[in-house]
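# Residue-level structure breakdown
Here is how the chains run, residue by residue.
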Amino acid sequence: MAGIYKQKDCKSYLALWKDDAGRNIRKSTFVPISQPGKREAQTRKEAQAIAEAYEAVYKGRILYTKQAELFRTLAGPTFDEQRALNKRLEILRELGSAGGTARKMPTIREFFNTFHPAGAHSRITTVKSILARFVSFLGKDADARLDRLTRDQCQDFVTDLLKHVRSTTAHQYRAAISAALNTAIEAELLVRNPMRSTKIPRDMVEPIRRDALTPPEIARFLSLAPQRWKDMVYICLSTGGQRLGDCACLKWSSVDLAADTITICTRKTGAEVKSPLLEPLRSRLAALWEEREPGEEYVLPYMASRYMTLACELSVEFISLLEACGVATVKTGGTQGRRRQVHNKSFHSLRRGLVSMLRDGGASADMSRAIVGHSSEEVERAYYRATMEGKAHHLSQALQAITRAALPPTGLPETYPPAGA
């Protein structure tokens, strides 16, 4: 156990403890031996607490960053107290680098290289690429201890990132890195998350506009596209507009032909969406079941294989087929740095189109969310795209209501106000 003692001509108590080899280690507590208004017993108690904290950090019983946080909360506001605090923090850093804490504290590179995110395979791959980009940006600084990672380094990374990607993408990067650092806090490797307080300004460029596919566009695609893509579109629309990967990798275990239902556990959120199996998809699935190879688990094995090999190829092919079918697509988005341009219509536009068709057809917000699988009304509202047909329908109903409620003529003059009024 650490002790304290007075040394001749020293105005502060000294802390004393032994290392593993039995050697004495002495450090100043910066607690004055004589303090106006305080008894000797009180000042000795303060010095003893600091001495024990020094020893705990040196022997790895507590991280120096955590102890530093405790010191900050106890320090007074006066100049002398803040100066003493800064000197104690310097000693803590020194002890943390030399003692047991240093032996269990990983470097920034080691921490992020060994971090294992949770979730689906696609998400794990994405998060690992984000962490690798962060480590690459830090360069040699990544070989420093994890607790030396600063907010300024994190902010510099975010600022550099915004030269190449949109702010929405930068938010995703920050969230992934921040989630990893939160696990370091849970493991008592860090006291604070330096990534959490970084600032991401809003983009000054026009936001990307993603449109919905209209019923005539979907019908035209279904009349001209190859059969494998017709199957994909029918699966998408019949399951509430599920995403490309969920449709391409649909398994027979998700299809219940006897109960006429399809149950999909979405890759993005893990939510379970159960949909009724309707025509013409039911007949098509029955035919595919008869044609399948023995033991085949995927409904569309060719599309599943292509998606798992390189998902973006399927998305690009769908957009090319849209254009070949006469559906115009436009690239939108900023061109600064490496910011990618995005087509306003893609496979995901089927999901937006379905939401729009449901709402224009009179489905309530709750029913629309239940069919599509959205988590909130705010998300569902963002997917709605009003069509000209829907506007015309509801406007005509409003005008008809006015016509039905019209009052008899009032006898007003042809010109109003009357002449001479």
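Model, not experiment: these values are computed from the prediction. (Residues numbered from 1 in each chain as written. Predicted model: local features only at pLDDT ≥ 70, side-chain atom pairs only at ≥ 80, totals over all residues. Heavy atoms only, no water.)

### Some details on the overall build of the protein chain
We count it as follows: Here a strand is any run of E in DSSP of at least two residues, a helix any run of H or I of at least four, and the numbering for each starts at the N terminus. Relative accessibility thresholds used throughout: buried, under 20% of the residue-type maximum; exposed, over 50%; partly exposed, between the two (1.4 Å probe, protein chains only). What makes two residues a contact is simply this: any of their non-hydrogen atoms within 4.5 Å. For accessible areas, the Shrake-Rupley method is used with a probe of radius 1.4 Å. Any residue's cover is judged against the shown protein chains and nothing else.
The helix and strand tally for the protein chain stands at 18 helices and eight strands. Out of the 421 residues belonging to the protein chain, those deemed buried represent 42%. Looking at the protein chain alone, contacts between residues at least 24 apart form 61% of all its contacts between residues at least 6 apart. When the accessible surface of the protein chain is totalled, it reaches about 24400 Å², and 54% of it is carbon and sulfur.

### Considerations on the sheet that holds strand S6 (residues 272–276)
How we decide: Between any two strands, at least two bridges found by DSSP are needed for them to pair.
One open sheet holds the three strands; their spatial order is S4-S5-S6, and the pairing between them is antiparallel. Each edge of the sheet is formed by a strand with only one pairing partner; in this case those strands are strand S4 (255–256) and S6. Pairing of strand S5 (residues 261–265) with S6 involves five bridges; the strand directions are antiparallel. When the sheet's bridge partners are listed, Cys265 is paired in S6 with Glu272.

### Side note on the pairing of strand S2 (residues 12–18)
The buried fraction of S2 amounts to five of the seven residues, a majority that puts the element mostly inside the structure. Here strand S1 (residues 3–5) runs beside S2; their pairing, made up of three bridges, is antiparallel. Bridge pairing links Tyr5 to Leu14 in S2. The hairpin turn running from S1 into S2, its antiparallel successor, is six residues long, and Asp9 in that turn takes a positive phi close to 65°. Sheet analysis places S2 next to strand S3 (residues 24–32), joined by six bridges and oriented antiparallel. Residue pairing across strands places Trp17 opposite Ile25, the latter belonging to S3. Where S2 folds back on S3, the antiparallel hairpin that results is connected by five residues, among which Gly22 adopts a positive phi of roughly 85°.

### Regarding the packing of helix H10 (residues 227–238) against helix H14 (residues 311–324)
Under the convention used in this document: Each axis is a line fitted through C-alpha atoms, and for a helix only the stretch in contact is used; angles between axes span 0 to 180 degrees, taken between their N-to-C directions. Roughly parallel means an angle under 35 degrees; roughly antiparallel, over 145; roughly perpendicular, 65 to 115; everything else is oblique. Polarity classes work like this: nonpolar for Ala, Val, Leu, Ile, Met, Phe, Trp, Tyr, Cys and Pro, charged for Asp, Glu, Lys and Arg, and polar for all others, with Gly in that last group.
Viewed as axis vectors pointing N to C, H10 and H14 meet at an angle of 100°, and their least axial separation amounts to 12 Å. On the basis of the axis angle, H10 is roughly perpendicular to H14. Counting all contacts with H10, which are made through Arg228, Trp229 and Val233, the residues of H14 involved are Leu314, Glu317, Phe318 and Leu321. Broken down by class, the residue content of the contact of H10 with H14 amounts to five nonpolar, no polar and two charged.

### Side note on helix H16 (residues 365–372)
Inclusion rule: This arc corresponds to the set of directions leading from the helix axis out to the C-beta atoms.
Within H16, burial applies to Ala365, Ser368, Arg369 and Val372. Seen along its axis, H16 keeps its buried residues to an arc of 100°; they face one direction. For H16, exposure combined with an orientation more than 90 degrees from the buried face picks out Asp366 and Ala370. Within two residues after H16, Gly373 carries a phi angle of roughly 95°, on the positive side.

### Description of the pattern of salt bridges
Counted only if it meets this: The rule for a salt bridge is simple: a side-chain nitrogen of Lys or Arg has to be within 4 Å of a carboxyl oxygen of Asp or Glu.
For the coordinates displayed, the defined rule picks out 18 salt bridges. Across the pair Lys27 and Glu94 runs a salt bridge, and its minimum N-O distance is 2.7 Å. You can see Lys27 sitting in strand S3 and its partner Glu94 sitting in helix H3 (residues 79–98), a full 67 residues away along the chain. Accessibility expressed as a relative area gives 18% for Lys27, which makes it buried.

### Side note on the packing of helix H9 (residues 215–224) against H10
Note the following rule: Working rule for handedness: look at the near helix, and if it is turned counterclockwise from the far one by less than a right angle, call the crossing left-handed; if clockwise, right-handed.
One can describe the packing of H9 onto H10 by two numbers: an axis separation of 8 Å at closest approach and a directional angle of 145°. Every pair of crossing elements has a handedness; the one defined by H9 and H10 is left-handed. Only Trp229, Lys230, Val233, Tyr234 and Leu237 of H10 make contact with H9, whose side of the interface consists of Ile218, Phe221, Leu222 and Ser223. Broken down by class, the residue content of the contact of H9 with H10 amounts to seven nonpolar, one polar and one charged.

### Some words on the nonpolar core
Selection rule: Take the buried Ala, Val, Leu, Ile, Met, Phe, Trp, Tyr and Cys residues and link them wherever side-chain atoms come within 4.5 Å; each set so joined is a nonpolar core.
Formed by 37 residues in total, the largest nonpolar core has its most connected members in Phe221, Trp229, Met232, Leu285, Phe318 and Phe347. Only H9, H10, helix H11 (244–248), S5, helix H12 (281–291), helix H13 (301–309) and H14 provide two or more residues apiece to this core. Looking at this core element by element, the count peaks at five residues for H10. If we skip the residues at most four places from it in the chain, Phe347 touches Trp229, Met232, Cys236, Gln242, Arg243, Leu244, Cys247 and Phe318. Ile108, Phe111, Phe115 and Ala184 belong to the second largest nonpolar core, which has 32 residues in total.

Read these as layout, nothing more, since geometry by itself doesn't imply function.
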